[in-house]
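# Coordinate analysis (summary)
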Amino acid sequence: MRRAAVAAVTAASFALGGGAGAWAWSVAQHREAADARLQAQERVDEAVGAAHAEAAAAGLAVGVLGASGTDGVLAAARPALEAEVEASRTVLDESDGQVADDTARLALAAAIDAVPGGPASAAAMRAATARLVEARTAVEEAVGARREADEAAAAAAAAAAAAAAAAPGAGTDGDGDAPAAGCGTTYSGPAFYTSTPTEGGDGSNGRLTPQMLSAVSWTTDSRGTPFYLRADATAALERLNVAFRAALGHDLALDLAYRDYDTQVAMRAALGSVAAVPGTSSHGTGLALDVPELPCTYGWDSPARAWLVANGPAYGWVSPSWAQRGGSNPEYWHYEFRG
């Protein structure tokens with residue numbers, strides 16, 4: 001309608017001018033100028049229309065808020081919070097065992113627990129959503145950092161393994177093959193074997209019941225006896241073994257795990273002070289294991305020990321200070337579960 005009005009005004013002007021020379025422009029030039037003004041006005045109209053639309057939308061929002069209090073805002077805040085709770089719970093579940101320590105996961109769990117379950121203001125729900133996003137992001141970053149550390153450790157272990165394989169007198173591959181020359185076991189005493197749960201035990205050191213122990217899934221000793229550990233230690237070791245195998249290409253070899261009281265008595269009699277006093281051994285708690293005493297495979301400078309010392313603590317398994325090189329009783333084969 002605006003274009004027709006401008007054309008009408010232009011035509012009227014020409015009629016009044018009547019060719020008396022009052023207009024120096026031709027009719028065509030006047031029409032071009034009118035079109036230019038019209039296009040400019042249309043652009044202005046579009047901008048004004050957009051501004052009016054925004055104002056109308058804002059007015060509608062205000063009207064809704066005025067009509068129903070905070071219902072509209074609450075209706076938007078609650079689904080956003082619930083979606084973030086679900087995403088955060090998924091990240092919490094999937095990050096189990098995938099971080100170097102559980103600090104970030106504990107913070108995320110606390111943020112989930114703190115989510116208001118009943119009536120809450122929109123501001124409270126938005127704040128809870130923001131806390132969840134921050135905590136979830138921290139866990140995701142921790143998982144990424146752990147993955148990068150594992151990849152770096154795997155690369156270092158592979159390089160060390162290659163160097164060890166190229167060195168004179170390189171040892172076994174950790175799968176139970178006979179050790180190479182110069183890499184035999186450092187143990188020279190009588191044979192001892194891992195123990196089974198103690199039927200009728202009272203739960204004390206060396207007398208753990210079947211209900212307290214669980215067998216690892218991937219190996220047994222040379223007599224076919226499963227390696228038993230306390231249930232939580234076994235679960236952690238299962239996760240550790242998956243990462244160990246990915247890094248070094250074979251399962252973790254075991255030599256001893258749970259040791260019952262009678263076996264500890266026999267070891268003390270045979271080995272003297274090298275073996276712990278019966279009733280005090282960490283093996284009697286189901287929280288310790290020994291890998292084979294093969295120096296080239298699991299010894300002080302082996303890729304396997306380097307990986308276990310660097311990565312074991314992430315799964316709760318450590319080389320205790322007394323068993324480390326320079327400790328009070330150095331044992332490169334001994335590891336304990338600290339949770």
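Residues numbered from 1 in each chain as written. Predicted model: local features only at pLDDT ≥ 70, side-chain atom pairs only at ≥ 80, totals over all residues. Heavy atoms only, no water.

## Re the overall build of the protein
- Regarding its fold elements, the protein presents 9 helices and 5 strands.
- When its helices and strands are written in sequence order, the protein yields α-α-α-α-α-β-β-α-α-β-α-α-β-β.
- A buried classification covers 34% of the 339 residues belonging to the protein.
- For the protein, contacts bridging at least 24 residues in sequence account for 65% of all contacts bridging at least 6. (Helix = DSSP H or I, 4+ residues; strand = E, 2+ residues; numbered from the N terminus. Buried < 20%, exposed > 50% of the residue type's maximum accessible area, 1.4 Å probe, protein only. Contact = heavy atoms within 4.5 Å.)

## Quick look at the confidence of the model for the protein
- Averaged over every residue, the pLDDT of the protein is 78; the share at 70 or more is 69%.
- This model gives residues 164-181 a pLDDT under 50, and the stretch forms 27 contacts once residues within four places in sequence are excluded. (pLDDT = per-residue confidence, 0-100.)

## Points about empty space enclosed by the protein
- Under the criterion given, the structure shown has 1 cavity of 30 Å³ or more.
- By volume, the largest cavity amounts to about 50 Å³.
- Looking at the largest cavity, the residues that line it are Leu237, Leu240, Leu252, Leu289, Leu308, Gly312, Trp317 and Tyr335.
- When grouped by side-chain class, the residues that make up the lining of the largest cavity number 7 nonpolar, 1 polar and no charged. (1 Å grid on protein atoms, 1.4 Å probe; cavity = no way out; pocket = protein on both sides within 12 Å on 5 of 7 lines; lining within 4 Å. Points joined across faces, edges and corners; volume = space filled by probe spheres on them. Nonpolar A, V, L, I, M, F, W, Y, C, P; charged D, E, K, R; others polar.)

## Focus: the packing of helix α6 (residues 231-248) against helix α9 (residues 303-311)
- At a minimum axis separation of 11 Å, α6 and α9 run at an interaxial angle of 135°. Taken together, α6 and α9 sit at an angle that is classed as oblique. Considering the relative orientation of α6 and α9, their crossing is right-handed. Of the residues in α9, those touching α6 at Leu240, Ala243, Phe244, Ala247 and Leu248 are Pro303, Ala304, Trp307 and Leu308.
- Each residue belonging to the contact of α6 with α9 can be placed in one class, and the counts come to 9 nonpolar, no polar and no charged. (Axes fitted to C-alpha atoms, helices over the stretch in contact; angles between N-to-C directions. Parallel < 35°, antiparallel > 145°, perpendicular 65-115°, else oblique. Left-handed = near helix turned anticlockwise from the far one by under 90°.)

## Here we look at the packing of aromatic side chains
- Counting across every chain of the model gives 4 aromatic pairs.
- Between the aromatic rings of Phe244 and Trp307, the centroid separation amounts to 5.5 Å while the plane-to-plane angle is 85°, which identifies the pairing as edge-to-face. In this pair, Phe244 is assigned in helix α6 and Trp307 in helix α9, connecting sequence segments 63 residues apart.
- Accessibility expressed as a relative area gives 0% for Phe244, which makes it buried.
- Note on Trp307: relative accessible area 3%, which makes it buried.
- Look at Trp300 and Tyr332: their rings are 5.8 Å apart centre to centre, the planes differ by 75°, and that puts the pair in the edge-to-face class. Of this pair, Trp300 sits in the loop between α8 (295-298) and α9 while Tyr332 sits in the loop between β4 (317-318) and β5 (334-337), placing them 32 residues apart in sequence.
- Owing to a relative accessible area of 5%, Tyr332 belongs among the buried residues under this scheme.
- Through a chain of ring-to-ring contacts, the aromatic side chains of Trp300, Tyr332 and Trp333 assemble into a single cluster.
- For Arg223, the ring lying beneath its charged end belongs to Tyr193, and the centroid distance is 3.8 Å. (Phe/Tyr/Trp six-rings, centres within 6.5 Å; stacked < 30°, edge-to-face > 60°. Lys NZ or Arg CZ within 6 Å of the ring centre and 35° of its normal.)

## Let's talk about the side chain of Arg146
- Its place among the elements puts Arg146 in helix α5 (residues 122-166).
- Classification of Arg146 as buried rests on a relative accessible area of 6%.
- Those residues within four positions of Arg146 in sequence are excluded, and the remaining contacts are Gly97, Gln98, Val99, Ala100, Ala314 and Tyr315.

## With respect to α6
- Across its 18 residues, α6 extends 25 Å between first and last C-alpha, which sits within 8% of the 26 Å expected from 1.5 Å per residue.
- Within the sequence span of α6, burial applies to Ala233, Thr234, Ala236, Leu237, Leu240, Asn241, Ala243, Phe244 and Ala247.
- Within two residues after α6, Gly249 carries a phi angle of roughly 90°, on the positive side. (Expected span 1.5 Å × (residues − 1).)

## A look at the environment of Pro330
- For Pro330, the location among the structural elements is in the loop between β4 and β5.
- Between the alpha carbons of Pro330 and Trp300 there is a distance of 9.9 Å; along the sequence they are 30 residues apart.
- Setting aside residues up to four positions removed in sequence, Pro330 forms contacts with Trp300, Trp322, Ala323 and Gln324.

## Comments concerning helix α4 (residues 103-113)
- Taken residue by residue, α4 has Ala104, Arg105, Leu108, Ala111 and Ile112 as its buried positions. The arc enclosing the buried residues of α4, seen along the axis, measures out at 120°, which places them on a common side. For α4, the exposed residues lying more than 90 degrees away from the buried face are Thr103, Leu106 and Asp113. (Arc of directions from axis to C-beta.)

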